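# Structural overview
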Amino acid sequence: MKNLKRILIFRYALIITAALIAVSLLVIIPIRSYTISREQNNLEEQAQLFARDFQRFFSVEITPDEIDAYLEELAGDLPIRLTVIDTEGSVLGDSNFPAEEMENHAGRPEVAAALEGRVASARRDSRTLGRGFIYAAAPITIDGEVAGVARVALEEADVMPLVFQVWWIILIAFGVLLVVIITVSIWTERTVIAGLNDMREAAAGLAGGDLDRRVAQPDIEEFSELAREFNTMAEQVRSRVEEAAEESGKLETVLDNISAGVMVTDSESRIVMLNAAADGIMNVEGEKAVGRRIIEVFSNRELDLAVSRAAAGESIDEEIELVYPQRMFLLLKSNPVRGTDGQVVATVSAIEDITALKRLNQVRQDFVANVSHELRTPVATIRALTDSLLDGAVDEKERAERFLKDLDREATRLSQLIEDLLTLSRLEAKETGLQLEEFHLAELVQECLQSKRTLAEEYGVRLDVEPSEQELAIRGDRQLLGTALNNLIDNAIKYNRAGGRVTVAMQADKSGGGVTVKVEDDGIGIPREELPRVFERFYRIDKARSRDTGGTGLGLSIVKHIAELHGGAVTVSSVMGEGSEFTIVIPEN
Ligand SMILES: Nc1ncnc2c1ncn2[C@@H]1O[C@H](COP(=O)(O)OP(=O)(O)OP(=O)(O)O)[C@@H](O)[C@H]1O
Ligand SMILES: [Mg+2]
């Protein structure tokens, strides 16, 4: 690429070269022709002088060698060459060369003129030496007749020192001018470049995001205008950028305030944006995820593939199981976004967390399966017993009685199961309406213990109540709290050993205005690892023992429901082989 400094130097150099050529032509050529014509005159005069002297060669007998020697001596240290020529043009003698070796000179214009009796001169390049010479010739006359020609020659270079001097002066002037030009060019370039550099830096700053960057007003008029234009432009850029930022800020606020997760990816599955809901749902830091590929952020092929398919133009509506950063189920709806040319430029995905929904569904399915299973066993037994009775056992009094007892047990068990299921479903439906009333907790406890007396005797377990100092009045659903207590006491009796004991203790809750009721036993205990699961529906630790005692595994989940409906909770602690302790906390209602 060209640069300003070089352009300036080159152009100025071109100008002075042209100027110098013109000066040379105007000065050197006239000086040269003046010098030559002056020298020609001089030489003509010398030629005439020599012509007179050379008459002697024609009056005496003399050999060419003697003439040569004479001429050489005559020329001496002078820069001239002397030649003597006869009327035929043959060289009789020469100061510089042996005469016999020289060609005929009759054709030389100055010689020809002298042979006709005139004095003449000429300038030409010597055929013998190839350099420029000035020649002058004069006739040698004897008794008015031309007897020969005397010629004087002078090398042009010997009379041109003036021209060379002028040449030198011009060359030196050229050199000086060149230095001046380079200096001026660099100086000019600096001034111009300084102005331009400021603007270039400002433009780079602006492009790099420094929106407050402006340029100073330079002294040069043209630049000052440019600077003004630049500053106006910078101002416009700033306001546009601010507008755009404001717009995108609005969009971001909107996106962050919608509850659905929104993810935007580019056509190569790189995350462009995750709104706050999406960050929350998928538990990633949006800022860290942006710019990275889906596969890098979630390590999930399924999700990556679904979004890639959307990027290929499909509309996606899929459930996806995510394992990382946490196990969850997503409902993904992805759609391609097309540019004006119809090409997919991005995908927009709506993301919904359906983990809870899925879990609930699973719970429901398990529940139905469990219920069916629990119902099937007693029903099958009942059918078998009735079949046996119908097949004739009814006629055998003893067998019939045994079968009928079994029938009664199974029917009771069935009705108990149905009762529990009904209670549970009523509790689930009751989220809003409890039948709250004020009552004395101690009375309710007494009633419950009373109703379990027979069962306790049957299992050989003693029932106790720890009296509390103050009368505990409580507000709650008396019937439901009775059910809960009955269930806890029932378990404490059943999962006990002969000679064991059950203690019910109550006290006012220290932290709030509520109460805590504790049902404690010294029975078989619950393994530590089973503790968190005992409140699940249908969960029984020892299935066989539970069946013997007629348990369905619903009791504790009913207790938990009741406590939670009252805004309270039920907790358990237990040591294997030593006993268990269930505590219900009911806050003030
Ligand atoms: N006090 C306790 N001591 C030892 N194990 C207990 C005690 N209470 C409950 N369990 C265990 O927890 C399981 C669940 O109790 P839950 O009351 O929910 O069901 P269940 O007693 O088997 O049947 P249901 O109460 O519906 O008749 C029981 O099967 C039993 O294994
Ligand atoms: Mg129970």
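Residues numbered from 1 in each chain as written. Chains lettered and ligands numbered in written order. Predicted model: local features only at pLDDT ≥ 70, side-chain atom pairs only at ≥ 80, totals over all residues. Heavy atoms only, no water.

## Brief notes about the layout of surface pockets
We apply this condition: Any residue with an atom within 4 Å of a point lines the site, the site being either a cavity, points on a 1 Å grid over the protein atoms alone where a 1.4 Å probe fits but cannot get out, or a pocket, an open set with protein on both sides within 12 Å along at least 5 of 7 lines. Grid points are joined across faces, edges and corners, and a volume is the space filled by probe spheres set on the points. For the purposes of this entry, the term helix denotes a DSSP run of H or I that reaches at least four residues, the term strand denotes a run of E that reaches at least two, and both are numbered from the N terminus. Residue type decides the class: Asp, Glu, Lys and Arg count as charged, Ala, Val, Leu, Ile, Met, Phe, Trp, Tyr, Cys and Pro as nonpolar, and the leftover types, Gly among them, as polar. Residue ranges assigned to the domains are those given by an automatic or database domain assignment.
By volume, the second largest pocket amounts to about 540 Å³. Where the lining of the second largest pocket is concerned, the elements lending two or more residues are helix 11 (355-390), helix 12 (397-429) and helix 17 (555-565). Sorting elements by how many residues they give to the lining of the second largest pocket places helix 11 first, with seven residues. When its residues are assigned to classes, the lining of the second largest pocket shows eight nonpolar, four polar and eight charged. Looking at which domains feed residues into the lining of the second largest pocket, each of domain 3 (358-426) and domain 4 (434-586) supplies at least three.

## Description of the pattern of salt bridges
For clarity, the threshold we go by: The salt bridge criterion pairs a side-chain nitrogen of Lys or Arg with a carboxyl oxygen of Asp or Glu, the two atoms within 4 Å. Only protein chains enter the accessibility calculation, which uses a 1.4 Å probe; a residue is then buried when its area is under 20% of its type maximum, exposed when over 50%, and partly exposed in between.
Inspection of the entire model under this criterion finds 37 salt bridges. Residue Arg-537 pairs with Glu-428 through a salt bridge whose shortest N-O separation is 1.9 Å. Of this pair, Arg-537 sits in the loop between strand 15 (515-521) and helix 16 (543-548) while Glu-428 sits in helix 12, and the two are 109 residues apart along the sequence. Judged by relative accessible area, which is 24%, Arg-537 ranks as partly exposed. As a salt-bridge pair, Asp-464 and Arg-462 come within 3.1 Å of each other at their nearest N and O atoms.

## Some details on the domain arrangement of the protein
Domain annotation for the protein reports domain 1 (4-162), domain 2 (258-352), domain 3 (358-426) and domain 4 (434-586). Placing a centre on the C-alpha atoms of domain 1 and another on those of domain 4 gives a separation of 149 Å.

## Considerations on the packing of helix 13 (residues 441-451) against helix 15 (residues 478-494)
Rules: The axes used here are C-alpha line fits, helices contributing only the stretch in contact, and every angle between their N-to-C directions lies in the interval 0 to 180 degrees. Each angle is binned into one of four classes, with values under 35 degrees roughly parallel, values over 145 roughly antiparallel, values of 65 to 115 roughly perpendicular, and all other values oblique. The crossing is said to be left-handed when, going from far helix to near helix, the turn is anticlockwise and less than a right angle, and right-handed when the turn is clockwise. Contacts between residues were defined by any pair of non-hydrogen atoms, one from each residue, lying within 4.5 Å.
Contact geometry for helix 13 and helix 15: axes closest at 10 Å, N-to-C directions at 45°. When the interaxial angle is binned, helix 13 and helix 15 end up oblique. Viewed along their axes, helix 13 and helix 15 form a crossing whose handedness is right-handed. Listed contacts from helix 15 to Glu-443, Leu-444, Val-445, Glu-447, Cys-448, Leu-449 and Ser-451 of helix 13 are Arg-478, Leu-481, Gly-482, Leu-485, Asn-486 and Ile-489. Taken together, the residues of the contact of helix 13 with helix 15 sort by class into seven nonpolar, three polar and three charged.

## Focus on the packing of aromatic side chains
Selection rule: Here the aromatic set is Phe, Tyr and Trp, taking the six-membered ring for Trp, and pairing holds for ring centres within 6.5 Å; pairs whose planes are under 30 degrees apart are stacked, those over 60 apart are edge-to-face, and all others are tilted. Any Lys NZ or Arg CZ that is within 6 Å of a ring centre and within 35 degrees of that ring's normal is treated as a charge sitting over the ring.
Counted by the stated rule, this structure contains six aromatic pairs. Ring centres of Phe-54 and Phe-57 lie 5.3 Å apart, and the angle between their planes is 25°; on these two criteria the pair is classed as stacked. In this structure, Phe-54 and Phe-57 share a single accessibility class: buried. An angle of 45° between the planes, with centres 5.6 Å apart, marks the rings of Phe-367 and Phe-538 as tilted. With Phe-367 in helix 11 and Phe-538 in the loop between strand 15 and helix 16, this residue pair connects regions lying 171 residues apart in the sequence. Judged by relative accessible area, Phe-538 falls into the buried class, the value being 6%. Above the plane of the ring of Tyr-135 lies Arg-124, whose end atom (NZ or CZ) is 4.2 Å from the centre. Lying over the aromatic face of Phe-367, Arg-537 brings its terminal NZ or CZ to 4.6 Å of the ring centre.

## Considering the sheet that holds strand 15
We apply this condition: Any two strands with at least two DSSP bridges between them are considered paired.
Overall, mixed pairing links the five strands, which are arranged 12-14-15-17-16 in an open sheet. Looking at strand neighbours, the two that pair on one side only are strand 12 (462-466) and strand 16 (569-575), the edges of this open sheet. For this sheet the average axis-to-axis angle between neighbouring strands, irrespective of direction, equals 15°. Contacts between helix 15 and the sheet are confined to strand 12, strand 14 (501-508), strand 15 and strand 17 (579-586), with strand 15 contributing the most and set at about 20° to the helix.

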